[in-house]
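Structural characterization, general
Spelled out, the chains give:
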Protein chains: 2
Amino acid sequence: MIEPAFILVRPQMGENIGAAARAMLNFGLTRMRIVDPRDGWPNSRAVAMASGAGRLLDNAGLFKDVATAVADCDYVFATTARPRELVKPMVTPERAMEMARAMAAEGKKVGVLFGPERAGLENEDVALANAIVTVPVNPEFPSLNLAQCALLMGYEWRRQTEEIAPEIMGLARTEFAQRIDVEKLGDHFEARLDDAGFFYPEEKAEGMKLNLRNMWARLNLTRAEVQTFHGMLRQIAWKLKRQGDE
Amino acid sequence: MIEPAFILVRPQMGENIGAAARAMLNFGLTRMRIVDPRDGWPNSRAVAMASGAGRLLDNAGLFKDVATAVADCDYVFATTARPRELVKPMVTPERAMEMARAMAAEGKKVGVLFGPERAGLENEDVALANAIVTVPVNPEFPSLNLAQCALLMGYEWRRQTEEIAPEIMGLARTEFAQRIDVEKLGDHFEARLDDAGFFYPEEKAEGMKLNLRNMWARLNLTRAEVQTFHGMLRQIAWKLKRQGDE
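Residues numbered from 1 in each chain as written. Chains lettered and ligands numbered in written order. Predicted model: local features only at pLDDT ≥ 70, side-chain atom pairs only at ≥ 80, totals over all residues. Heavy atoms only, no water.

Quick look at the interface of chain A and chain B
Counting residues at the interface gives 60 residues for chain A, matched by 61 residues for chain B. Interface area for chain A against chain B, summed over the two sides, is near 5,000 Å², with a carbon-plus-sulfur share of 67%. Considering only the surface of chain A that becomes buried against chain B, N26, F141 and Y155 of chain A emerge as the three largest contributors, covering 13% of it. In this assembly, chain A and chain B are joined by 5 salt bridges. Here E156 of chain B makes a salt bridge to R159 of chain A, at a shortest N to O gap of 3.6 Å. Looking at the side of chain A that touches chain B, the elements with two or more residues in it are α1 (14–26), α5 (93–105), α7 (146–161), α8 (166–173), α9 (179–195), α10 (202–218) and α11 (223–245) of chain A. Grouping the amino acids of the side of chain A that touches chain B by side-chain chemistry returns 32 nonpolar, 15 polar and 13 charged. (Contact = heavy atoms within 4.5 Å. Buried area = accessible area lost by both parts, 1.4 Å probe. Salt bridge = Lys/Arg side-chain N within 4 Å of Asp/Glu carboxyl O. Helix = DSSP H or I, 4+ residues; strand = E, 2+ residues; numbered from the N terminus. Nonpolar A, V, L, I, M, F, W, Y, C, P; charged D, E, K, R; others polar.)

Okay, here's the thing in structure tokens:
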């Protein structure tokens, strides 16, 4: 599978190119292309900012215009902050990267265009894309910079490739107590509380016990936590009895 | 609907606080809290960086520690880059903000903790949260900065609108205890257990206490359950003392 290429169009500050490289690598993306950068290429400020992601810059392709940069792509997205008068499908970052994922799995090459700081892509650039991607920002404060835009697209790419949600894996790996042990914990507390006259008045006792059982069951205690609760109850009982004996 | 508070814990550089404010406002979020910032508060570098998002800083609450900052929250997420040994549900940013959206719609207050640059949140901070959020970054290059992490959480907040899963609605409607009450319950048990010599040997005491705090936070106790636990502990103590006196 060929991952999408992130294509920086006429980027101005080297720092932003470096930051975009870092943002990409966070999500495992390594294919960067650069179109007509303002300060030439290579750019030492870009290298300094990229630090651990420097190899993206080393391998970045340099192109003189957008048409050349997207020439080998099967599908191109243009990221834009503001609406365009161009008639073109407009998709969310999520949908765009879902599409990119599906296309990449089919052996297709996908490109994503990012415009220069401030001005953004020209209509001529956008015209070369198959679809427009717009991040749903607050219309009263749209201030995403180049690296942040690359970050969000990278995040969505990665998200679309995740197989198993981490909460499911985390849940699956937790050593929960077996139901029988939770039951015994309930017995232990119920016995001590019964001794202590907790279930009062008598006509409410059954309901109170049911509520407690329900609580223990829903807490999803681990094995260790069940032991902790037993231990706490035992230790308090022991200490208070001993105080009584003194 | 009360939007989630983004809580910056011991942030170091003012620039990053300002950048986080901008990232938040991009997605319409305005409630920022700041815990013990390294360079004091207010911070002129933060203001300079925030530019159009300066009012977030003007309105930001300043807190001396995490416990105070989350005291009025009904549910707290901790953002972490690396896995923790603490037993706590781990969710994606998407799921976290889906949960936050549902809880906010029910009038609940949600907090999201962001750790200091480099080090990230301490285990003691994470112990106060109900759940952990981890951005699924490339394990070989995890380099999200504070503002980028806030950006991704804000993006997911904005992205979550309708289509709330029924299990999330159930969660949102549950009357969870506020963090301050969970904290007090922890204090109550810790005091009794300390009296009882539970935290032994001494060199392990701190770790045992942290594990207990973490457990109380992750159990998602309801208000009624917190009262039940207080009541159980009080009643057992009372009964056993009385037996001693006889």
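So, the pattern of salt bridges
With the rule as written, the count across this model stands at 31 salt bridges over all chains. For D194 of chain A, the salt bridge is made with K209 of chain A, and the minimal N-O distance between the two is 3.4 Å. Of this pair, D194 of chain A sits in helix α9 while K209 of chain A sits in helix α10; the two residues are 15 residues apart in sequence, bridging distant segments of the chain. Owing to a relative accessible area of 41%, D194 of chain A belongs among the partly exposed residues under this scheme. As a salt-bridge pair, R192 of chain B and D195 of chain B come within 3.3 Å of each other at their nearest N and O atoms. Residue R192 of chain B and its partner D195 of chain B are both found in helix α9 (residues 179–195); the two are separated by 3 residues, about one turn of the helix. (Buried < 20%, exposed > 50% of the residue type's maximum accessible area, 1.4 Å probe, protein only.)

Quick look at the domain arrangement of chain A
One can read the domain layout of chain A as domain 1 (5–169) and domain 2 (179–245). Each of domain 1 of chain A and domain 2 of chain A has a C-alpha centre, and the two are 57 Å apart. (Domains from an automatic or database assignment.)

Description of the packing of aromatic side chains
For any two aromatic rings, the description comes down to two numbers: the centre-to-centre distance and the angle of the planes. In the structure shown here, the tally under the stated rule is 19 aromatic pairs over all chains. Ring geometry for F198 of chain A against F199 of chain A: centres 5.3 Å apart, planes inclined by 85°, an arrangement best described as edge-to-face. Note on accessibility: F198 of chain A and F199 of chain A belong to one class, buried. Each member of the aromatic cluster is reached from another via a ring pair, and the members are F189, W216 and F229 of chain A together with F189, W216 and F229 of chain B. Note that R101 of chain B overlies the ring of W157 of chain B, its terminal NZ or CZ placed 4.1 Å from the centroid. Above the ring of F199 of chain B, the side-chain terminus of K209 of chain B is found at 5.1 Å from the ring centroid. (Phe/Tyr/Trp six-rings, centres within 6.5 Å; stacked < 30°, edge-to-face > 60°. Lys NZ or Arg CZ within 6 Å of the ring centre and 35° of its normal.)

A few points about the packing of α9 of chain B against helix α10 (residues 202–218) of chain B
Residues and elements named next belong to chain B. α10 packs onto α9 with a crossing angle of 145° between their chain directions and a minimal axis gap of 10 Å. Viewed along their axes, α9 and α10 form a crossing whose handedness is right-handed. Residues R179, V182, E183, L185, G186, D187, F189, E190, L193 and D194 of α9 form the contact with α10, whose own contacting residues are K209, L212, R213, W216 and A217. (Axes fitted to C-alpha atoms, helices over the stretch in contact; angles between N-to-C directions. Left-handed = near helix turned anticlockwise from the far one by under 90°.)

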